[in-house]
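# Overview (structure and organization)
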Amino acid sequence: MKFLETTGNYILFMRRIFAKPEKARVYFRGVTDELEKLGLNSIVLVMIISFFIGAVLTLQTAYNMSNPMLPRYLIGYLTRETLLLEFSSTIVSLILAGKIGSNIASEIGTMRITEQIEALEAMGINSVSYLVGPKIAAALVINPVLYVFSVFVGIIGGFLAGVSAGIVNYDDYLNGLRLDFNPYYVTYSIVKTLFFALIFTSIPAFYGYNVRGGALEVGKASTRAVVDSSITILVANLVLTRILL
Amino acid sequence: MIEVQHVTKFFDTKRVLDDIDATFEKGKVNLIIGKSGSGKTVLLKSLIGLLPVDEGVITFDGREITGAHARNMKEIRQEMGVVFQGGALFDSLSVLDNVRFPLDLFSRATEGEKRERAIASLRRVNLENVETLYPAELSGGMKKRVAIARAIVLRPRYLFCDEPNSGLDPLTSIVIDNLLSELTHEYGMTTIINTHDMNSVFEIGENIIFIHQGKKEWEGDREMLLKTTNEALDEFLFTSKFNRMVKERIA
Ligand SMILES: Nc1ncnc2c1ncn2[C@@H]1O[C@H](COP(=O)(O)OP(=O)(O)OP(=O)(O)O)[C@@H](O)[C@H]1O
Ligand SMILES: [Mg+2]
């Protein structure tokens, strides 16, 4: 019952996001601000994580291929496939759900309990579309970009780790990367990153917006936002994979 | 002038405002007083159009905003300033951008003019050289002033303040009260202030309504307060020893 009610309220909330913004200029400035905030805040984190995961993926694949019958180029191939299909889209989005999601929930929650949202409404602004719209727009732009960065940095991480550990050589790794490349996998993953961006911005915004009470409730909303957006991302991942692949 | 007729508001089954009638006059400081939980904030937010009322009529100089006439609110929003209890300054914006915010929304002035007007508004509340600070860097009293500067930057016809001096020391409170009173007379605004601060009541109250358990129990001016025979109001005003003493001296 509670779940249905929350879902219903979330849908109503989303409808308010897509209502026409009152003043395009103010709204546009919001988008550029958010791009800067989201982009700068997450790109370094995503690069660091992707680099190390790429490295570990390569090493693990290599150690698991003790059978000399298996060609060494498979190492590069498998690293690429894992990054391309799953890590750089889903896992990166889960990480961002933790970082950006909790940020959004506490920012908007704080605005709620300090009456900043009412101040916006009193000035006649659609507070939902004003506050949340730019965040979603920015995340929709940024998340595919982060995906591409993550794949590249992951592959570089894998290459450096593999070559420096002497378990795969330059040519094998590169051949593996080129092997059997299916561009549709990129399309599929980019579509996923768009859905995930929508999820990890709008669900935390929804929880933040509906905070009642004080700082304690803001903290709770922020935790709940991260948990729920992570679960939603996992479910969406399953559904999108069934539909798209 | 803002008129309120038979306004009733429920939260679930709880009647928070009960058949309230009131007239708030132009060019005067109108106070809504009452103890905590009596419904002052709910009444103020109903006037601002942030909470829909269940029954009754609210008009701003003849323009109704209740029920089917909610559309009128759009135009009135540009004519009103609101000072929320904690100031409600936007944390992510500097002082200057906070004060400029309503201009960015509603004014067609050039960037330079908007800046000028925002700075003039800050000066009017006696703040200088704080433009680049952020709300977190201000004291409570300064925040209130910036909030007032933001509320008056469009030269509103109506000004609403929810407990403008909560959390301030008595001296700063008096400064803020007098500032609000001066601005009201200077701009000829219809000002409505929620308060349970006795000093404010006697300092600046010109037209006072007393809310008790969601009902309007009393209305009048400062002089009449001292002679009130209303039990709830008497209790509200004169429970403290000091206030009781003052009352007895005057009598
Ligand atoms: N959103 C809400 N939902 C349910 N009940 C509410 C809501 N807002 C206020 N109330 C109730 O309405 C009553 C009046 O509250 P209100 O905030 O107007 O009091 P107040 O006079 O402003 O008090 P204070 O001086 O403490 O600010 C209280 O009993 C409060 O619990
Ligand atoms: Mg109140």
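Just so you know, these numbers come straight off a predicted model, no measurement behind them. (Residues numbered from 1 in each chain as written. Chains lettered and ligands numbered in written order. Predicted model: local features only at pLDDT ≥ 70, side-chain atom pairs only at ≥ 80, totals over all residues. Heavy atoms only, no water.)

## Considering the overall build of chain A
Secondary structure summary: chain A contains eight helices and zero strands in total. Each helix and strand of chain A, ordered N terminal to C terminal, gives the series α-α-α-α-α-α-α-α. Counting only C-alpha atoms, chain A reaches 70 × 40 × 35 Å along its principal axes. Looking at chain A residue by residue over its 245 residues, the buried ones come to 47%. Pairs at least 24 residues apart make up 86% of the contacts formed inside chain A by residues separated by at least 6 positions. When the accessible surface of chain A is split by element, carbon and sulfur atoms take 69% of a total near 11,800 Å². Side-chain charges of chain A comprise 19 positive and 16 negative groups, with the mean position of each set lying 4 Å from the other. (Helix = DSSP H or I, 4+ residues; strand = E, 2+ residues; numbered from the N terminus. Buried < 20%, exposed > 50% of the residue type's maximum accessible area, 1.4 Å probe, protein only. Contact = heavy atoms within 4.5 Å. Areas by Shrake-Rupley, 256 points an atom, 1.4 Å probe, with all protein chains shown as cover. Lys, Arg positive; Asp, Glu negative; His and termini not counted. Charge placed at Lys NZ, Arg CZ, Asp CG, Glu CD.)

## Describing the domain arrangement of chain B
All names here are of chain B. One can read the domain layout of chain B as domain 1 (2-79 + 160-250) and domain 2 (89-155). Taking only C-alpha atoms, the centre of domain 1 and the centre of domain 2 are 26 Å apart. Contacts between the two partners involve 16 residues from domain 1, matched on the other side by 11 residues from domain 2. Both sides of the domain 1 and domain 2 interface together cover about 1,200 Å² of buried area, and 67% of this is carbon and sulfur. On the domain 1 side of the interface with domain 2, the three residues burying the most area are Gln78, Leu179 and Tyr187, jointly 42% of the side's total. Where Arg124 meets Glu186, a salt bridge forms, and the shortest distance between an N and an O atom there is 2.7 Å. The biggest single contributor to the side of domain 1 that touches domain 2 is helix H6 (residues 170-187), with nine residues. A breakdown of the residues in the side of domain 1 that touches domain 2 according to their chemical character gives eight nonpolar, four polar and four charged. (Domains from an automatic or database assignment. Buried area = accessible area lost by both parts, 1.4 Å probe. Salt bridge = Lys/Arg side-chain N within 4 Å of Asp/Glu carboxyl O. Nonpolar A, V, L, I, M, F, W, Y, C, P; charged D, E, K, R; others polar.)

## Quick notes on the interface of chain B and chain A
Listed by partner, the interface residues are 23 residues for chain B and 19 residues for chain A. Between chain B and chain A, the buried area comes to about 1,600 Å², and carbon and sulfur atoms account for 57% of it. Considering only the side of chain B, the residues that lose the most area to chain A are B:Phe90, B:Phe101 and B:Leu105, jointly responsible for 30% of the buried surface there. Here chain B and chain A share two salt bridges between them. Here chain B is connected to chain A by six residue pairs in polar contact (both at pLDDT 80 or more). (Polar contact = N/O pair within 3.5 Å; in protein donor to acceptor, adjacent residues only side chain to side chain.)

## Concerning the nonpolar core
Of all hydrophobic cores here, the largest spans 95 residues; its most connected members are A:Phe13, A:Val132, B:Ile2, B:Phe24, B:Phe60 and B:Phe160. Ranked by residues supplied to this core, first place goes to helix H3 (residues 73-113) of chain A with 14 residues. The two domains that each donate at least three residues to this core are domain 1 (2-79 + 160-250) and domain 2 (89-155) of chain B. With residues up to four places along the chain from it excluded, the contact list for B:Phe60 reads B:Met1, B:Ile2, B:Leu47, B:Ile65, B:Met73, B:Ile76, B:Tyr158 and B:Phe160. Counting 45 residues, the second-largest nonpolar core is a separate cluster that includes B:Leu138, B:Leu159, B:Leu168 and B:Leu225. (Core = buried A, V, L, I, M, F, W, Y, C linked by side-chain atoms within 4.5 Å.)

## Some remarks on the pairing of strand E3 (residues 29-33) of chain B
Residues and elements named next belong to chain B. Burial analysis of E3 places five of its five residues in the buried class, the great majority of the element. Along E3, one buried face is formed by Val29, Leu31 and Ile33 and the opposite face, lined by Asn30 and Ile32, is buried too. In this sheet, strand E8 (residues 190-195) lies alongside E3 in parallel orientation, the contact comprising five bridges. Residue pairing in the sheet places Ile33 in a bridge with Thr195 of E8. Relative to strand E9 (residues 207-212), E3 runs parallel, the two being bridged by four bridges. Bridge pairing in E9 places Asn30 opposite Asn207. (Pairing = 2+ DSSP bridges.)

## Focus on the sheet that holds strand E4 (residues 55-60) of chain B
All names here are of chain B. Across the sheet, which stays open at both edges, the four strands sit in the order E2-E1-E4-E5 with antiparallel pairing between neighbours. Whereas interior strands pair on both sides, the edge strands pair on one side only; in this sheet they are strand E2 (14-24) and strand E5 (63-64). Bridge analysis of strand E1 (residues 2-11) against E4 gives five bridges, and the strand direction is antiparallel. The residue of E4 that forms the bridge with Thr8 is Glu55. Sitting on the sheet, helix H1 (residues 40-47) is in contact with E1, E2 and E4, with an inclination near 60° to E2. (Axes fitted to C-alpha atoms, helices over the stretch in contact; angles between N-to-C directions.)

## A short note on the packing of H3(A) against helix H8 (residues 215-244) of chain A
All names here are of chain A. The interhelical angle for the contact between H3 and H8, taken along N-to-C directions, is 155°, at an axis separation of 8 Å. On the basis of their axis angle, the class for H3 and H8 is roughly antiparallel. Like other packed secondary-structure pairs, H3 and H8 cross with a definite hand, here right-handed. Looking at side-chain class alone, the contact of H3 with H8 contains 11 nonpolar, 12 polar and one charged residues. (Parallel < 35°, antiparallel > 145°, perpendicular 65-115°, else oblique. Left-handed = near helix turned anticlockwise from the far one by under 90°.)

## Brief notes about the site of ligand 1
Residue and element names in this part refer to chain B. Taken together, 13 residues lie around ligand 1, and Lys14, Ser36, Gly37, Lys40 and Thr41 are the ones closest in. Contact distances for ligand 1 include 2.6 Å between an oxygen atom and a side-chain N or O atom of Lys14. When ligand 1 sits alone it has 640 Å² of accessible area, and the protein chains cover 63% of it. In terms of residues, the shell around ligand 1 owes the most to one element, H1, which gives three residues. Taken together, the residues of the shell around ligand 1 break down into three nonpolar, six polar and four charged. (Near = heavy atom within 4 Å.)

## Notes on the side chain of A:Ser230
Residue and element names in this part refer to chain A. Relative to the helices and strands, Ser230 is located in helix H8. Residue Ser230 is classed as buried on the basis of its relative accessible area of 17%. Aside from chain neighbours lying at most four places away, what touches Ser230 is Leu94 and Ala97.

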